[in-house]
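# Architecture at a glance
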Amino acid sequence: MTMKARSSRRSFIRKTGVALSAPLAAAAAAVPAHAEAPGDSLADRLARLEDVNAIRALNHAFARQVSAGEAQTLGIDASISGVVASEFGEHDVIDIAPDRHTATGLMHCAVTIETAIGPSCPLVEMAREQGGGVIRRTEEGVFENVYVRRDGAWSIQRSTYRQL
Amino acid sequence: MHRIKYTKLTPEQITVKLAAAVSGPSSTSPLSNVLAGKSLTIVLDGGPTLRYQFTGSNRVSFAEGDAGAVLTGYGAHTLGHVVLFSHLVPRTQRGYIVVIDQQSALATAFEVWFSGYEDNREVQRQISYGYVEQAGAQAPTARHGITNRIEGKGFYWKQDNGAETIEYYPSVMFSNFVELTRFGGELSFCGPSDYIKIDDNLYIYSRVEAEFSGTMTTYVLDVNRAEQVGVRLGFDDTDTLEYYVFRGRGEWVGQIAQFEPFGDVGTKIALGNRNVPAARGGRPVYRPMKTNPIMTRAQVDAAVAQNKTIFQQSAMAGNKGPISSFLVGRTLTLRYDNATAIEYRFDEIQKLRWRRVAGSPAEASATPSEGGWSEERYESWESAPGVIMFGHLLTGAPDHDAMSIVVDFDNLLVTCLHGTMGTPYIGNEAAVKTLFGVVETEGRTPPKYRRHQFTDELVGRAMTWNYSPGLTSMHLYSTPHSLSWIIFLENGSGGMEWSGPASYVKIRDQLYLAYWLEEACNGTLGTILVNLRTMRNCGVDYSAGPKGLRLGAVGAHARHAGRFDVLKYFRPRSGEA
């Protein structure tokens, strides 16, 4: 794959992200016409679009799981207690590998970070009994995700968070 | 109540004790017959439908869901357009407390039961909201519901049976009550509580004396008229069943501040990252005796021998003031009225030496030293010009003693809160004595008669204390001899609460030395010098646990949260012998 082709595909995906709520056909129609390259048939492009949608749904599920307190089980920083994807996901970049077995993605979001108040003391322990004892702050950040597709289903293979 | 050893009643014992109660709750006031002759069907959201046929003022046929009807006793009282009634379910350890608004037909039902928690005597409750079915009428969509609109209020109550209490509602999930007649009104106690709004005047309040008798007190109160009707269900300190309905009258004693965002009326309890326990009737309950390790004296001695933490970083001191150098280079003797006298040399900003000296000035001049010098780490703060608070351990003392001392150098007065570790009940529970005295220092004559004094000027006042980012509690100086502390939920509502013995000493105008003991809890002794002009405190907390002995600094910023007008209820009574 040439850099140019890759770049054009990424551009397509960004635009798709903006038009996510529009009908699939409309989103496809919005893509500028260009010379068809190998792997760029309508079927290929639709398949990639389905991949992007599946990954985007995966991202939303990931955000919900983190917000439900499962950060540690997902292998990300346990201090992250909440993730809200940036509105409409317009800054997201999802890049599907040509073989459609792997993908990478940047998931821009607002992240809630909880830092335990310490050192612990009776008052802090009492606060923890009622779901407190932490300092919460919200920051803008991005998850750099690596996805893998197995048996037709995408999953997150690795997720790395960095503050913006 | 902290010291009563409530019997761990078995389910079988409870069954026997409840047998007589199916005749219905007793009542000092005549029972209401407002329900007599009526049939009611109460539809509860997500709960069983309750069907009643009231055949008199104390007999009812009751059916729950699809179950067959049973005859049982009940008792009812009305408050305005609201009726509250209660009954048990025969041959079970369950019952109901039902509140019906006769104008709106809305109903709230507390299903109550024993033997639902490891302490069988602790009454459990499940609250359901619904309505009374009315022939030909559409089911109402409105419901009663939890609220913070009653948070911050306080009442004095006198039930028709003579029981007097002061009850503070500084939280949306706990409350604070003072048993003026049952236990003499010295201390206040706390219990998990429900607050439900009927309308702007009428609310339902309910508490369970969790960790104590397990008794549940539920009532409807009219906040304008200061009247209540309610029911009390549980076993007292002699294991006698208390099951009665009551009427009561009271006085509104005040309203303290709420700290939720404007517009938040408390339709949800903001529990942060904590899930409500899934068990039926589950709710977060502060159970300090279960979350804090209870140690023997020998265990404490061994832990202290391993480790002492003295003025290390603490979340309780994130907002402490600067450590003072006022004492550095000074030599003085603090002579207390109990004949204890200690000579100090403050060598460095955090290092002092002390030794005991003879108990009276005459003796002191004859025998200047009773012991060698001991060295301690200390911290001190100048809360007001010339008023220094400092704290240190007395190394080698058999009870791991700690001293928390306030010295007024302008007036040469001193007050010491002398902490010792261990009580007859718990090895890692602190005890404290208040020592008044004078400062002897070269070239000045200390007062002979004047001393700092205990005061009740703080009683009824509530103050928030922000110790460090994210860690804020509210003190409610609930009686002249107790203090309760409330932890805020993440939306600023009052949350969990506990209470312990306390005392208050006036140092100067708007400057008070207070202690509180986290008794029947984690055993910590907290001592603070409260400056109402700077709205800051400084102080020392002292505790022991499996990790050893801890003496730490306390420092927080304050805000006024209001005041309850309650002093008159704590004055000595006459004619009750």
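Here the structure is a predicted model, which is why all the values come from computation and not from measurement.

Each value, and the rule that gives it
Residues numbered from 1 in each chain as written. Chains lettered and ligands numbered in written order. Predicted model: local features only at pLDDT ≥ 70, side-chain atom pairs only at ≥ 80, totals over all residues. Heavy atoms only, no water. 1 Å grid on protein atoms, 1.4 Å probe; cavity = no way out; pocket = protein on both sides within 12 Å on 5 of 7 lines; lining within 4 Å. Points joined across faces, edges and corners; volume = space filled by probe spheres on them. Helix = DSSP H or I, 4+ residues; strand = E, 2+ residues; numbered from the N terminus. Nonpolar A, V, L, I, M, F, W, Y, C, P; charged D, E, K, R; others polar. Contact = heavy atoms within 4.5 Å. Buried area = accessible area lost by both parts, 1.4 Å probe. Salt bridge = Lys/Arg side-chain N within 4 Å of Asp/Glu carboxyl O. Expected span 1.5 Å × (residues − 1). Buried < 20%, exposed > 50% of the residue type's maximum accessible area, 1.4 Å probe, protein only. pLDDT = per-residue confidence, 0-100. Core = buried A, V, L, I, M, F, W, Y, C linked by side-chain atoms within 4.5 Å.

## Considerations on empty space enclosed by the protein
Over the atoms a probe the size of a water molecule is rolled, and this reveals where empty space is left. Inspection of the entire model under this criterion finds five cavities of 30 Å³ or more. Considered as a void within the structure, the largest cavity measures approximately 120 Å³ in volume. Around the largest cavity, the lining is made up of 13 residues, and of these Pro122(A), Leu123(A), Met316(B), Trp516(B) and Glu518(B) lie nearest the centre. Among the secondary structure elements, those contributing two or more residues to the lining of the largest cavity are helix 4 (122–129) of chain A together with strand 31 (471–479) of chain B. Class assignment for the residues of the lining of the largest cavity results in seven nonpolar, four polar and two charged. Its volume calculated, the second largest cavity comes out at about 50 Å³. Taken together, Ile146(B), Thr147(B), Val172(B), Tyr195(B), Gly266(B), Lys268(B), Ile269(B), Asn491(B) and Ser493(B) form the lining of the second largest cavity. Partitioning the lining of the second largest cavity into residue classes produces four nonpolar, four polar and one charged.

## Some details on the interface of chain B and chain A
Each partner contributes to the interface: chain B provides 32 residues, whereas chain A provides 17 residues. Around 1,800 Å² of area is buried between chain B and chain A when both sides are counted, 63% of it from carbon and sulfur atoms. Inspection of the region where chain B meets chain A yields one salt bridge. Residue Arg136(A) is joined to Glu490(B) by a salt bridge in which the shortest nitrogen-to-oxygen separation is 2.8 Å. For the side of chain B that touches chain A, the secondary-structure elements that each account for two or more residues are strand 30 (461–468), strand 31, strand 32 (482–488) and strand 33 (494–508) of chain B.

## Thoughts on helix 3 (residues 42–70) of chain A
For an α-helix, 3.6 residues make a turn, and residues three or four places apart therefore share a direction. A rise of 1.5 Å per residue sets the reference length of helix 3 of chain A, with its 29 residues, at 42 Å; its end C-alpha atoms lie 39 Å apart and thus fit the reference within 8%. Turning to helix 3 of chain A, its buried residues are Ala47(A), Arg48(A), Leu49(A), Asp51(A), Val52(A), Ile55(A), Arg56(A), Leu58(A), Asn59(A), Phe62(A), Ala63(A) and Val66(A).

## Looking at the confidence of the model for chain A
Confidence along chain A averages 76 in pLDDT terms, with 73% of residues attaining 70 or more. Confidence over residues 1–34 of chain A falls short of pLDDT 50; this stretch has 30 contacts with residues more than four positions distant or in other chains.

## Observations concerning the nonpolar core
Of all hydrophobic cores here, the largest spans 63 residues; its most connected members are Ile166(B), Leu471(B), Tyr477(B) and Val566(B). Top element by residues in this core is strand 32 of chain B. It accounts for five residues. Here Leu471(B) is in contact with Ile117(A), Cys121(A), Leu123(A), Val124(A), Ala315(B), Met316(B), Trp465(B) and Asn466(B), once residues within four sequence places are set aside. Core analysis: the second largest hydrophobic core is formed by 34 residues, Ala303(B), Val387(B), Val406(B) and Ala430(B) among them.

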